[in-house]
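# Residue-level structural notes
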Amino acid sequence: MGLVVESRPSEVPYIERVWRSRSDAAGRMMSVATSHWELVFWEHQGVPQAAVLGPEAKASLAPVPGEAVFFGISFALGTSMPHIPVSALVGGSAAIPDVTRRSLWLKGSAWHVPDYDNAEAFVRRMVREGIVDLDPVVTAALAGTGTGTGPGPGIGSGAVPDVSERTLQRRFVAATGLTQGAVRQIHRARQAAVLVQEGVPAQEVVHRLGYFDQPHLARSLKRYVGRTATQLATPDTTLPLSLLYKT
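Attention here is on the structure that accompanies the text. (Residues numbered from 1 in each chain as written. Predicted model: local features only at pLDDT ≥ 70, side-chain atom pairs only at ≥ 80, totals over all residues. Heavy atoms only, no water.)

## Focus on the overall build of the protein chain
The condition is simple: In DSSP terms, a helix is any run of H or I states spanning at least four residues, a strand is any run of E spanning at least two, and both are numbered starting from the N terminus. Here the globule rule is a power law, 2.2 Å times the number of residues to the power 0.38, and the radius of gyration is based on C-alpha atoms. Per-residue accessibility, obtained with a 1.4 Å probe over protein chains only, is compared with the maximum for each type, and a residue is labelled buried under 20%, exposed over 50%, and partly exposed between these values. Contacts: residue pairs with any heavy atoms within 4.5 Å of one another. Under the convention used here, a 1.4 Å probe and the Shrake-Rupley method define accessible areas, while residue burial counts only the protein chains that appear. Within this scheme the basic residues Lys and Arg register as positive and the acidic residues Asp and Glu register as negative, but His and the chain ends are omitted. Where a charge lies is defined by one atom per residue type, namely NZ (Lys), CZ (Arg), CG (Asp) and CD (Glu).
Across its full length, the protein chain holds seven helices and 12 strands. For 247 residues, the compact-globule formula gives about 18 Å, and the C-alpha radius of gyration of the protein chain, at 18 Å, lands near that figure. Counting only C-alpha atoms and orienting by the principal axes, one finds that the protein chain spans roughly 50 × 50 × 30 Å. Counting every position in the protein chain, which comprises 247 residues, the buried fraction comes to 45%. Here the contacts in the protein chain between residues at least 6 apart in sequence split such that 66% fall between residues at least 24 apart. Entry remark: accessible area of the protein chain is about 12400 Å², with carbon and sulfur atoms responsible for 53%. The centroid of the 24 positive side-chain charges in the protein chain is displaced by 4 Å from the centroid of its 21 negative side-chain charges.

This is the structure:
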């Protein structure tokens, strides 16, 4: 099965990534663990659909319809829709009803369906109308350049929110659906996968990202990416991976 994926970053703080893809035949893909929730639109056999996809705590196989086109907005950590709790969507999704090629309904209002080039305008309107919110405590906890628990780049601990640890954890889970530890592990595994795909030796990846040893790296990749380092180095075109990108 062929699955072509294109993505780009965004200057809007509520957005992590904007992506689009196209499949040429029905099949399956390995859906890589992600700590971000997404708003996804797709069309298959002339029928447009949309859904909110929750974070995924581990890698899993996912069906892909043939000759379909997809477009998605991946939202930044700490961003949420108050009327659809992220914690209830982990590993799942919520369909958006009454979608056409031109419009959809959100909280009782008609909206133009966004596309790859105007995703930012769509999200800005979501923010103005209170459909999307950003928790400043969570974004403060995520600020910085270290992991907060060990060596290696990733989720930060540069700015410490002026709240108790219990309050921080509660608000973090409410906004992301995951614990800080789970987010760090997912982020590190995704970074490791990108490095392996770039040809970085496994032992160097272990050193850069703070894994204990190569077996620790192997367990992480298998759980969160669904691949071993050897498999990542020789991509399987019959079972493609979902979106991976360098951060």
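## A word on the side chain of Asp135
Put simply, the test is: Polar contacts, as counted here, are pairs of nitrogen or oxygen atoms within 3.5 Å of one another; within protein the pair requires one atom able to donate a hydrogen and one able to accept it, and residues that are adjacent in sequence qualify only if both atoms are side-chain atoms.
Relative to the elements of secondary structure, Asp135 occurs in the loop between strand 12 (133-134) and helix 2 (136-142). Classification of Asp135 by relative accessible area gives buried; the value is 14%. A distance of 2.9 Å separates the side chain of Asp135 from the backbone nitrogen of Val137, its partner in a polar contact. Setting aside residues up to four positions removed in sequence, Asp135 forms contacts with Gly78, Arg171 and Ala175.

## Points about the environment of Val206
Take Val206: it is sitting in helix 5 (residues 202-209). Its relative accessible area of 4% is what places Val206 among the buried residues. Taking the C-alpha atoms as reference points, Val206 and Ala192, 14 residues apart in sequence, are found 8.3 Å from one another. Setting aside anything within four residues of it in sequence, one finds Val206 in contact with Tyr211, Phe212, Asp213, Gln214 and Leu217.

## Thoughts on the layout of surface pockets
Using the following cut-off: Cavity means a closed set of points on a 1 Å grid over the protein atoms alone, one where a 1.4 Å probe fits but cannot get out, pocket means an open set with protein on both sides within 12 Å along at least 5 of 7 lines, and lining means a residue has an atom within 4 Å of a point. Grid points are joined across faces, edges and corners, and a volume is the space filled by probe spheres set on the points.
Computed from the structure, the second largest pocket encloses a volume of approximately 380 Å³. For the lining of the second largest pocket, the elements supplying multiple residues, two or more each, are strand 1 (3-8), strand 2 (15-23), strand 4 (38-44), strand 5 (47-53) and strand 7 (68-75).

## A word on helix 3 (residues 165-176)
In an α-helix, one turn spans 3.6 residues, which is why side chains three or four residues apart end up on the same side. Note the threshold: Multiply 1.5 Å by the residue count of a helix minus one, and that product is the helix's expected span. It is the directions from the helix axis to the C-beta atoms that the arc portrays.
Taking 1.5 Å per residue, 12 residues should reach 16 Å; helix 3 reaches 16 Å between its end C-alpha atoms and fits that length. Residues of helix 3 that are buried include every one of Leu168, Phe172, Ala175 and Thr176, and no others. Taken around the axis of helix 3, the buried residues stretch over an arc of 80°, which confines them to a single face. In helix 3, the exposed positions that point more than 90 degrees away from the buried face belong to Arg166 and Arg170. On its buried face, helix 3 sits against strand 8 (79-80), helix 2 and helix 4 (180-197). With its phi angle positive at about 80°, Gly177 sits one or two positions after the end of helix 3.

## A short note on the pairing of strand 2
Basically, it comes down to this: Note on pairing: DSSP must find at least two bridges between two strands before they are called paired.
Relative to strand 2, strand 1 is paired through six bridges, and the arrangement is antiparallel. For Ser7, the partnering residue across the bridge sits in strand 2 and is Trp19. Here strand 1 hands over to strand 2 after six residues, the two strands then running antiparallel side by side. As paired elements, strand 2 and strand 7 share seven bridges and run antiparallel to each other. In the sheet register, Arg17 faces strand 7, and the bridge partner there is Ser74.

This is a description of form; function is not addressed.
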